[in-house]
Amino acid sequence: MDPISPVKTSTMAKPVSYVTGSELLTLKEGSNVAIVDVRDDERSYDGHIAGSLHFASDTFNDRVPDLLQTAKAQGKDTLVFHCALSQVRGPTCARRFADYLAEAKEDAGIKNVMVLERGYNGWEASGKPVCHCSGTNCKGGC
């Protein structure tokens, strides 16, 4: 009789949830939230959400470890991703980040991975604060 091989359990990725602009404003009041802008060139001329980190989608896969290290160094446990509309790039990068966390061998300390509904365009159109500084990682004092 053949021995029964143990069942391999796959690591489950964290769920990616959505957050409205109003909810994000409330979340931003806590110092544990990082806003991750994955737009490419348009960030430089459209502006961005004050205090956001820039990890462009075209180089995102190569920079995921850098994002995790930045979040950990800044004491962030919630990451909110967005692109222009949060229909493709924002959700895709959020899922890639969640998958990376699931594959990590250590506890990264990230509790929530979220996507901003309606993206940057919806944020700006609803009159929420935007910044036009030129820094890759905005300090939020715009």
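Scroll up a little and you will see the structure.
Since we're looking at a predicted model, the values are computed, not measured.

Positive phi is not limited to glycine here, since Ser86 has a value of about 55 degrees. Exposure remark for Ser86: the relative accessible area of 5% places this residue in the buried category. One non-glycine residue with positive phi stands out, namely Arg118, at about 70 degrees. Relative to the helices and strands, Arg118 resides in the loop between strand S6 (112–116) and helix H5 (119–125). Residue Arg118 is classed as exposed on the basis of its relative accessible area, which comes to 55%.

What follows concerns the sheet that holds strand S1 (residues 16–19). Ordered in space as S1-S6-S5-S2-S4, the five strands form an open sheet in which the pairing is parallel. This sheet does not close on itself; its edge strands, each paired only once, are S1 and strand S4 (53–54). Examined bridge by bridge, S1 and S6 share four bridges and lie parallel to one another. Of the residues in S6, the one forming a bridge with Ser17 is Met114. Where helix H3 (residues 60–73) meets the sheet, its contacts fall on strand S2 (33–37), S4 and strand S5 (78–82), and the angle it forms with S5 comes to roughly 145 degrees.

Let us look at the packing of aromatic side chains. The tally for this structure, following the rule as stated, stands at two aromatic pairs. Judged by centre distance (6.0 Å) and plane angle (80 degrees), the ring pair of Phe60 and Phe81 falls under edge-to-face. With Phe60 in helix H3 and Phe81 in strand S5, the pair connects residues that are 21 residues apart, well separated along the chain. An identical accessibility class is assigned to Phe60 and Phe81; each is buried. When the ring of Phe81 is compared with that of Phe97, the centres are 5.8 Å apart and the planes differ by 50 degrees; the resulting orientation is tilted. Within this pair, whereas Phe81 is found in strand S5, its partner Phe97 is found in helix H4 (residues 89–103), the two being separated by 16 residues in sequence. Its relative accessible area of 0% is what places Phe81 among the buried residues. With a relative accessible area of 0%, Phe97 lands in the buried category. It is Arg39 that lies over the ring of Tyr120; its NZ or CZ is 4.1 Å from the centre.

Thresholds applied
Here the residue index of a chain counts from 1 through its sequence in written order. Given that this is a predicted model, residues contribute local features only at a pLDDT of at least 70 and side-chain atom pairs are listed and counted only at 80 or more, while totals for whole chains, interfaces and linings are drawn from all residues. Hydrogens are left out, water is left out, and the side-chain values use all remaining heavy atoms of the structure. Remark: exposure states derive from per-residue accessible area (1.4 Å probe, protein chains only) relative to the maximum for the residue type, with buried under 20%, exposed over 50%, and partly exposed in between. Working definition: helices are DSSP H or I runs of at least four residues, strands are E runs of at least two. Numbering for both runs from the N terminus. Strand pairing follows a simple DSSP-based rule, namely that at least 2 bridges must link the two strands. Throughout, a residue-residue contact means that at least one pair of heavy atoms, one from each residue, lies within 4.5 Å. Structural elements are reduced to axes, namely lines fitted to C-alpha atoms, with helices fitted over the stretch in contact, and the angle between N-to-C directions of any two is expressed from 0 to 180 degrees. Note on aromatic contacts: the rings of Phe and Tyr and the six-membered ring of Trp form a pair at centre separations within 6.5 Å, being stacked when their planes are under 30 degrees apart, edge-to-face when over 60 apart, and tilted otherwise. Two thresholds decide whether a charge sits over a ring: the Lys NZ or Arg CZ must be within 6 Å of the ring centre and within 35 degrees of the ring normal.

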